[in-house]
Amino acid sequence: MSEKPVLYYFNARGKMETIRWLLTVAEVDFDEVFLTSRDQYLKLLENGDLLFQQVPMVEIDGMKLVQTRAILNYIAEKYNLHGKDLKDRAMIDMYSEGVKDLNEMIIMLIMSPDPKAKLEEIEKKAKERYLPVFEKALTGPVYLVGGKLSCADVYLLECTLMLEEKFAGILKDFGNVKSFQGRMLQIPAVNRFLLPGSKRKLPLDQKTLALAKEVFNLKF
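Counting restarts for each chain: residues are numbered from 1 in the order of the written sequence. A pLDDT threshold of at least 70 governs which residues receive local features in this predicted model, and a stricter bar of 80 or more applies before side-chain atom pairs are shown or counted, although totals over entire chains, interfaces and linings include all residues. For side-chain calculations, the full set of non-hydrogen atoms in the structure is used, while hydrogens and water are omitted.

The condition is simple: UniProt positions are given in the numbering used here, feature names are shortened, and annotations may be inferred rather than shown by experiment.
Going by the annotation in an unreviewed UniProt entry, the name recorded for the protein chain is Glutathione S-transferase, with Gouania willdenowi given as the source organism. If you open the UniProt record of the protein chain and go to Sequence similarities (unreviewed entry), you find "Belongs to the GST superfamily. Alpha family."

Right under this line is the structure:
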C-alpha cells in the first residue's frame, strides 16, 4: 500500500478540492486515481471501498475514508489544524461549516437551470451573510481562531479565491479578508499549489458533469 494518501475522484475540483487544499497546506504529498468509467466505479463498490457508494474517497493510514467532512476532520486532527482544545474546535467547525455552505453554492452552480440568477444569489449571500462574519473575525487576529493556522483558514482561503473567479473585486469592501488572503498566499505550500502544473484542479465543467452522470448512471 502506498504511504501517500490516495484520492479517488474525478479530474476536477468538486468536493475533493478542499481535501486537496488541506493536504497541501499540511505539506502532505498525495496520489490521485481519477474515475473515468462506470466499470471502475463498480469495481470500487464490489471491493467494498465506498461505504455509502459515493466519492470522494481517500486511502490514508490503512483506512478508506468517505464522506467529505469526515475526511477533512481526520486530516485536520492528524496534522494539528483543528485547534488546541474543545472550544477552539467548536469555533473552527462553525466557521468551516459557514464556508462550506458558500463553497457548495459555487460548486453546484453548474447544475442550476438559471445560472445568472444563481450567480446573483451567491454574490448577494456572500456579501451580506458570509463575508461580513469573516471580516469581523479577522479584525486584529492573523488567523480565524486561537492565533494559529487551522483548517478553517484553509477553507476560507479556497473560498475567497473561488469567489474572485466569479466576481472580480468582491473583496474590495472586506479589507480584513483581503489582507488575510494575502497572508495565506505567502505560505510556500499555498504558493506552489497555485502555480501551473500543480495538483489544483479546474472547476467542474459540462464534460466532467456528463462523465459523472455516466459513472453513477444518473438520468437527470
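## Focus: the overall build of the protein chain
Put simply, the rule reads: Helical segments are the DSSP runs of H or I of at least four residues, strand segments are the runs of E of at least two, and each set is numbered from the N terminus. Between the two quantities, the radius of gyration covers C-alpha atoms and the globule rule is 2.2 Å times the number of residues to the power 0.38. Buried, partly exposed and exposed residues are distinguished by accessible area as a fraction of the type maximum, computed with a 1.4 Å probe on protein chains only: under 20%, between the cut-offs, and over 50%, respectively. It only takes one pair of heavy atoms within 4.5 Å for two residues to be counted as in contact. Accessibility throughout is a Shrake-Rupley quantity obtained with a 1.4 Å probe, and a residue counts as covered only by protein chains that appear here.
When you go through the protein chain residue by residue, the secondary structure sums to 9 helices and 4 strands. Secondary structure elements of the protein chain, listed N to C terminal, follow the sequence β-α-β-α-β-β-α-α-α-α-α-α-α. For 220 residues, the compact-globule estimate of 2.2 N^0.38 gives 17 Å, and the C-alpha radius of gyration of the protein chain, at 18 Å, lies within 12% of that figure. Each principal axis of the C-alpha atoms in the protein chain carries an extent, and together these give about 50 × 40 × 35 Å. Burial status across the protein chain gives 45% buried among its 220 residues. Excluding contacts between residues fewer than 6 apart, the proportion of contacts in the protein chain whose partners are at least 24 apart in sequence is 67%. Carbon together with sulfur atoms contributes 55% to the accessible area of the protein chain, which is approximately 11,600 Å² in total.

## Section: the packing of aromatic side chains
Basically, it comes down to this: The aromatic pairing rule takes the rings of Phe, Tyr and Trp, using the six-membered ring of Trp, and pairs them if the centres are within 6.5 Å, calling planes under 30 degrees apart stacked, those over 60 edge-to-face and the rest tilted.
For the structure on display, the rule yields 5 aromatic pairs. Note on Tyr9 and Phe10: the rings are 5.6 Å apart at their centroids and 70 degrees apart in plane angle, and the pair reads as edge-to-face. On the basis of relative accessibility, which here comes to 5%, the residue Phe10 falls in the buried class. With a centroid separation of 5.7 Å and an interplanar angle of 45 degrees, the aromatic rings of Tyr95 and Phe134 are classed as tilted. Here Tyr95, found in helix H4 (residues 86-107), pairs with Phe134, found in helix H5 (residues 115-137); they are 39 residues apart in sequence, far enough to count as distant. By the burial criterion, Tyr95 is buried, and Phe134 matches it. Through pairs of rings, three or more aromatic residues link up here, namely Tyr9, Phe10, Tyr41 and Phe216.

## Focus on the packing of helix H1 (residues 17-25) against helix H6 (residues 151-166)
How we decide: Comment: axis = line fitted to C-alpha atoms, over the contacting stretch for helices; angle = value between 0 and 180 degrees taken between N-to-C directions. To sort the angles, those under 35 degrees are grouped as roughly parallel, those over 145 as roughly antiparallel, those from 65 to 115 as roughly perpendicular, and the leftovers as oblique. The hand of a helix crossing depends on one turn: near helix anticlockwise from the far one by less than a right angle means left-handed, and clockwise means right-handed. We call Asp, Glu, Lys and Arg charged. Ala, Val, Leu, Ile, Met, Phe, Trp, Tyr, Cys and Pro are nonpolar, and the rest, Gly among them, are polar.
Packing of H1 against H6 leaves a shortest axis separation of 10 Å and a crossing angle of 125 degrees. Put simply, H1 runs oblique to H6. Our pair here, H1 against H6, has a crossing hand that is right-handed. Across the interface between the two elements, Glu17, Thr18, Trp21, Leu22 and Val25 of H1 pack against Cys151, Val154, Tyr155, Leu157, Glu158 and Leu161 of H6. Residue composition of the contact of H1 with H6, by class: 8 nonpolar, 1 polar and 2 charged.

## Quick look at the pairing of strand S4 (residues 63-66)
Where we set the bar: We call two strands paired when DSSP finds no fewer than two bridges between them.
Direction of pairing for strand S3 (residues 57-60) relative to S4: antiparallel, over a ladder of 4 bridges. Along S4, the bridge assignment pairs Met57 with Val66. Linking two consecutive strands that pair antiparallel, namely S3 and S4, is a turn of 2 residues; a positive phi of about 55 degrees is found at Asp61 within it.

## Regarding the environment of Ile107
By the secondary structure assignment, Ile107 is in helix H4. Since its relative accessible area comes to 21%, Ile107 is described here as partly exposed. For the pair Ile107 and Gly147, spaced 40 residues apart in sequence, the C-alpha to C-alpha distance is 30 Å. Ignoring anything within four residues of it in the chain, the contact list for Ile107 reads Gly14 and Met162.

## Section: the side chain of His82
Stated precisely, the cut-off is as follows: Pairs of N or O atoms are called polar contacts if they sit within 3.5 Å, as long as, within protein, a hydrogen donor faces a hydrogen acceptor (for residues adjacent in sequence, only side-chain-to-side-chain pairs).
Along the chain, His82 falls in the loop between helix H3 (68-78) and H4. For His82, the side chain forms a polar contact with the side chain of Glu77, separated by 2.8 Å. Looking at His82, its side chain comes within polar contact range of the side chain of Asp93, at 2.7 Å. Leave out the neighbours within four places in its chain, and His82 touches Asn73, Ala76, Glu77, Arg89, Ile92, Asp93 and Cys151.

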